[in-house]
Amino acid sequence: MATLHFKQTTTATPEQFVAGITDFGPGRKELFGNSTDDYLEVHDLGPQSADVTEGSAGIWERLHYDWSDPNRIVLTTTDSNTWGGHSGHTYTLTPRPDGTTEIDAVVVREGKNLKGRLLGLVVGSIGKGMLAKAFEKSVKAIEARSSAAGAANSKPRTTAPSS
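Fair warning: this is a prediction, and the values are worked out from it, not measured in the lab. (Residues numbered from 1 in each chain as written. Predicted model: local features only at pLDDT ≥ 70, side-chain atom pairs only at ≥ 80, totals over all residues. Heavy atoms only, no water.)

(A) Molecular detail of the layout of surface pockets. Quantified by volume, the largest pocket comes out at close to 960 Å³. Surrounding the largest pocket, 36 residues form its lining, N34, H89, R109, L131 and A134 being those nearest its centre. Elements supplying a minimum of two residues to the lining of the largest pocket: α1 (14-21), β3 (49-56), β4 (59-69), β6 (88-95), β7 (101-109), α2 (114-124) and α3 (128-154). With six residues, α3 is the single largest residue contributor to the lining of the largest pocket. Grouping the constituent residues of the lining of the largest pocket by class yields 21 nonpolar, eight polar and seven charged. (1 Å grid on protein atoms, 1.4 Å probe; cavity = no way out; pocket = protein on both sides within 12 Å on 5 of 7 lines; lining within 4 Å. Points joined across faces, edges and corners; volume = space filled by probe spheres on them. Helix = DSSP H or I, 4+ residues; strand = E, 2+ residues; numbered from the N terminus. Nonpolar A, V, L, I, M, F, W, Y, C, P; charged D, E, K, R; others polar.)

Next comes the structure, spelled out in structure tokens:
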């Protein structure tokens, strides 16, 4: 079993980060490189939770998302062709006085079959650097999206709001 810890500071607020993590629309790969539209299936979506299948490159997992705590997002693997046991992701978001947010991410990968156990060994050793870069890329993409949304909302309205 591989347990990976990543920390990063972002200009995104906890709300913006949660919005990015929980955007299950087309183009999710732009935020998360390991989640392609071909694998994406939303089974259930509520105000603070979701049941979603996602993946890429022959690896998929069904995840239960829980963001009922505004500073913590928990993704629990409920089914997968590779991962089982205690697999999942936890993101703890800590707002900082300077307006930034500290993200503490914990990823657990427990293989449920030979393929998963071998991938778990790779992820826990040489793959950790690649996953760290993927995490950084996701955080930057969420920041960019949040900045663009903020800029769009601050522009003068050129048409009347629809009623």
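From this point, things continue past the structure.
(B) How the structure looks around α1. Among the residues of α1, P14, F17, V18, G20 and I21 are the ones counted as buried. When α1 is viewed along its axis, its buried side chains cluster within an angular range of 160° and face the same direction. (Buried < 20%, exposed > 50% of the residue type's maximum accessible area, 1.4 Å probe, protein only. Arc of directions from axis to C-beta.)

(C) Structural context of the side chain of S87. Looking at the secondary structure, you find S87 in the loop between β5 (72-80) and β6. Excluding its chain neighbours within four sequence positions, the residues that come into contact with S87 are L75, T76, T77, V108, R109 and E110. (Contact = heavy atoms within 4.5 Å.)

What is shown is where atoms sit, not what they do.
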